[in-house]
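Residue strings, one per chain:
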Amino acid sequence: MKIRKQNRIITALLAVIILLAPLCTHAYGAEDITQVFLGGMPFGVKFYTGTLIVTGISEVDSAAGSKLPAKDAGIQENDIILKVNGKEIGTAEAVAKAVEDSEGKPLSFTCRRGDEEFEVSITPVLSESTNKYRIGIWMKDSTAGIGTVTYIIEDTGGFGGLGHGICNSNGDLLKIERGIVTDISISGINKGAPGAPGELHGFFSSGKTGTVTNNTECGVFGVFSDISHLKENGTLIEIGTKDKIHDGDALIHCTLDDNTIEEYTAQIIIPENNDTQTKNFTIKITDPKLIEKTGGIVQGMSGSPIIQDGLLVGAVTHVLVSDSTEGYGIYIENMLEEMPEILK
């Protein structure tokens, strides 16, 4: 394999990246990056979307019985709340405060459903159990999840992971207003089975290890605060371009509940026609140890690097619901091309 250990110690680390404008005169493309640090480690991502989504409708226990103020006004699940009384609002906390401070007076909500904007008037109801005004909705202004790092850029600490974007229930990419990366300890595995995709479970660390900058169709990108451990002991691997990948044996690197990056065998199958961004080829798990432990590919393994002939050629992106040993992979070139220039 063309993988080598990097033992050189570099003390000058990139600690801060200003994300307003490029700081270099040369624009690096995917073809300029010939080697990267190999991923395979899990990471936690938490980010605020700046978009307030209604995730559920609930009753309010008033003195006159159960009420549904939001539902009665016309609010539905997946509606996006834009303004309250004409003021732009982007967090669940801010909406809750406006409702609590209303003293039961009607509030005007500007919302969006699909491509349509509309306004409704909601009259908050005093809850007997909390003694606070409520309108009976559940809201979401942030998201969190577990994925796998695919690669890290040696010079900048920039990374790519997941191999696909983080989306809402409608399949639309979530916008990132601000986000952080944390370490993850994998604590358990729900084994995959036909019709029931499995999942990795883990604990988020309390500290911040990096920043999330972009959520795209081809992956989540950001920068780690400190990669000195990689510069001392990390594994550098060469990039395998699309013309190098072929049907046949491959390896994937991922971390399970032993919290150690391990290598597992797989097979790559290249389709005759492929015009998608992320489902570029089929990946079939053949390693008996991985199948025994996970059933194949499970949620949380997205981003696991795929190696063929000693080259990093792609990342695991999806699992087939009908067969958890099979899924899809994305070309590493597609991830690198989508990565923001400043992180390269």
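Residues numbered from 1 in each chain as written. Predicted model: local features only at pLDDT ≥ 70, side-chain atom pairs only at ≥ 80, totals over all residues. Heavy atoms only, no water.

### Here we look at the overall build of the chain
Broken down by element type, the chain carries five helices and 25 strands. Overall, the chain is about 70 × 50 × 40 Å in size when its C-alpha atoms are taken along their principal axes. Residue burial in the chain is summarised as follows: out of 344 residues, 47% are buried. Considering only contacts in the chain between residues 6 or more positions apart, those separated by 24 or more positions represent 71%. Here the chain has roughly 16800 Å² of accessible surface; of this, 48% comes from carbon and sulfur atoms. Taking the 28 positively charged and 46 negatively charged side chains of the chain as two groups, their mean positions are separated by 5 Å. (Helix = DSSP H or I, 4+ residues; strand = E, 2+ residues; numbered from the N terminus. Buried < 20%, exposed > 50% of the residue type's maximum accessible area, 1.4 Å probe, protein only. Contact = heavy atoms within 4.5 Å. Areas by Shrake-Rupley, 256 points an atom, 1.4 Å probe, with all protein chains shown as cover. Lys, Arg positive; Asp, Glu negative; His and termini not counted. Charge placed at Lys NZ, Arg CZ, Asp CG, Glu CD.)

### Remarks on helix H2 (residues 92–100)
Listed in full, the buried residues belonging to H2 are Ala92, Val95 and Val99. For H2, the angular spread of the buried residues around the axis is 65 degrees, confining them to a single face. Among the exposed residues of H2, those pointing more than 90 degrees away from its buried face are Glu93 and Lys97. (Arc of directions from axis to C-beta.)

### Some remarks on the pairing of strand S19 (residues 235–239)
For S19, the buried fraction is high: four of the five residues fall into the buried class. Bridge analysis of S19 against strand S24 (residues 311–320) gives two bridges, and the strand direction is parallel. Counted as the bridge partner of Glu238 is Leu311 from S24. (Pairing = 2+ DSSP bridges.)

### Focus: the pattern of salt bridges
Within the structure shown, the criterion is met by seven salt bridges. Lys293 serves as the salt-bridge partner of Asp257, at 2.9 Å between the closest nitrogen and oxygen. Note that Asp257 is positioned in the loop between strand S20 (248–255) and strand S21 (261–269) and Lys293 in helix H4 (residues 288–294), a separation of 36 residues in sequence. Taking relative accessible area as the criterion, Lys293 reaches 38% and is therefore assigned partly exposed. (Salt bridge = Lys/Arg side-chain N within 4 Å of Asp/Glu carboxyl O.)

### What about the packing of aromatic side chains?
The relative placement of two aromatic rings is captured by the distance of their centres and the angle of their planes. Going through the model one piece at a time under the given rule, you end up with three aromatic pairs. Taken together through their ring pairs, the aromatic side chains of Phe43, Phe159 and Phe224 make up a single cluster. We note Arg178 situated over the ring of Tyr48; from NZ or CZ to the ring centre the distance is 4.1 Å. (Phe/Tyr/Trp six-rings, centres within 6.5 Å; stacked < 30°, edge-to-face > 60°. Lys NZ or Arg CZ within 6 Å of the ring centre and 35° of its normal.)

### Some remarks on unusual backbone geometry
Although it is not a glycine, Asn131 adopts a positive phi angle of roughly 60 degrees. Tracing the chain through its elements places Asn131 in the loop between strand S10 (125–126) and strand S11 (133–134). With a relative accessible area of 58%, Asn131 lands in the exposed category. Its identity is not glycine, yet Asp309 carries a phi of approximately 55 degrees, on the positive side. If you trace the backbone, Asp309 turns up in the loop between strand S23 (305–308) and S24. In this structure Asp309 comes out as exposed when scored by relative accessible area, which is 53%.

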